[in-house]
Amino acid sequence: MSRVSTLRVLIPKFALNFARYESTTVQFTSKKVVTCCVNRKFSSTSPKLKKETVTVYFVDFQGNKQTAKAKVGDSLLDVVVENEIDIDGFGACEGTLACSTCHLIFKKKDFDKLPEKPTDEELDMLDLAYGLKETSRLGCQIIVTKDMDGLEVEIPGGVADAREPS
Ligand code: FES
């Protein structure tokens, strides 16, 4: 019959509640450890990594609608790229305000609710956009907010890249 002895170990809780050790029971046979159980409870204060998403619709001039999941905090250019929305030539300058190919047209009610007004640089670039309207904006300058769930934006019927000579 093997000789079993039990050693009960109490490990103090850590002050920052990173890991909480409760009582630990360790049983020994004559030479090796048979059982060792440690109850660990972890708490985490790490920030939420998953961004909230809303649904945005891109409608072309023929009325075809493409649906995209848009992360709050991303630009509409990011949304088009991440969702692989098929828009010819869209975002050619990758959001550096140099091309106007990310031109989108908003409904008046949505346009009026956009949190950021266009900068002078955006307005200058919009002047070069194809099919400019009163409610036009550049998608690379529009940041998605929670209020934009269900937003529908129109894709112009053509594209003009301001970097190319006319
Ligand atoms: S991507 Fe070029 S101006 Fe927006």
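Residues numbered from 1 in each chain as written. Predicted model: local features only at pLDDT ≥ 70, side-chain atom pairs only at ≥ 80, totals over all residues. Heavy atoms only, no water.

- In the annotation of an unreviewed UniProt entry, the protein chain is listed under the name 2Fe-2S ferredoxin-type domain-containing protein and assigned to Sinanodonta woodiana.
- Note on the protein chain: under the UniProt heading Subcellular location (unreviewed entry), the record states "Mitochondrion".
- Checking UniProt for the protein chain, the heading Cofactor (unreviewed entry) contains the comment "[2Fe-2S] cluster". (UniProt positions renumbered as here; feature names shortened; annotations may be inferred.)

1. A few points about the nonpolar core
If you look at soluble globular proteins, the nonpolar side chains tend to sit buried side by side.
Here is step 1: Core analysis: the biggest nonpolar cluster contains 27 residues, and F58, L76, L104 and F106 have the highest contact counts within it.
Here is step 2: Elements with a contribution of two residues or more to this core: strand 6 (53-59), strand 7 (65-71), helix 1 (76-82), strand 8 (103-106), helix 3 (120-126) and strand 10 (151-154).
Here is step 3: The element best represented in this core is helix 1, accounting for four residues.
Here is step 4: In this view, L104 contacts F58, L76, F90, T135, S136, R137, G139, V153, E154, I155 and P156; residues no more than four positions away in its chain are not counted. (Core = buried A, V, L, I, M, F, W, Y, C linked by side-chain atoms within 4.5 Å. Buried < 20%, exposed > 50% of the residue type's maximum accessible area, 1.4 Å probe, protein only. Helix = DSSP H or I, 4+ residues; strand = E, 2+ residues; numbered from the N terminus. Contact = heavy atoms within 4.5 Å.)

2. Quick notes on the pattern of salt bridges
It is possible for side chains bearing opposite charge to pair when their charged atoms get close.
Here is step 1: For the coordinates displayed, the defined rule picks out nine salt bridges.
Here is step 2: Put simply, D110 and K109 hold a salt bridge, and the shortest N to O gap is 3.3 Å.
Here is step 3: Between R137 and E122 there is a salt bridge; the shortest N-O distance is 2.8 Å. With R137 in strand 9 (residues 136-138) and E122 in helix 3, this residue pair connects regions lying 15 residues apart in the sequence. For the pair R137 and E122, a shared accessibility class is recorded, and that class is buried. (Salt bridge = Lys/Arg side-chain N within 4 Å of Asp/Glu carboxyl O.)

3. Considering the sheet that holds strand 6
Here is step 1: Taken in spatial order, the five strands make up an open sheet running 7-6-10-8-9, and their pairing is mixed. The open sheet is flanked by strand 7 and strand 9, the only strands paired with a single partner. The sheet shows a mean angle of 40° between the axes of neighbouring strands, direction not considered.
Here is step 2: Sheet topology places strand 6 next to strand 7; seven bridges connect them, and they run antiparallel. (Pairing = 2+ DSSP bridges. Axes fitted to C-alpha atoms, helices over the stretch in contact; angles between N-to-C directions.)

4. A few points about the packing of aromatic side chains
Here is step 1: Tallied over the full model, the rule gives zero aromatic pairs.
Here is step 2: In this structure, K65 packs its charged tip against the face of Y57, placed 4.8 Å from the ring centre. (Phe/Tyr/Trp six-rings, centres within 6.5 Å; stacked < 30°, edge-to-face > 60°. Lys NZ or Arg CZ within 6 Å of the ring centre and 35° of its normal.)

5. A few points about the pairing of strand 8
Here is step 1: Burial of the side chains of strand 8 extends over both faces: H103 and I105 are buried on one face and L104 and F106 on the other.
Here is step 2: In terms of strand pairing, strand 8 meets strand 9 through three bridges, oriented antiparallel. From the neighbouring strand, H103 faces strand 9, where its bridge partner is L138.
Here is step 3: Both strand 8 and strand 10 contribute to a ladder of two bridges, which runs antiparallel. Bridge pairing links I105 to E154 in strand 10.

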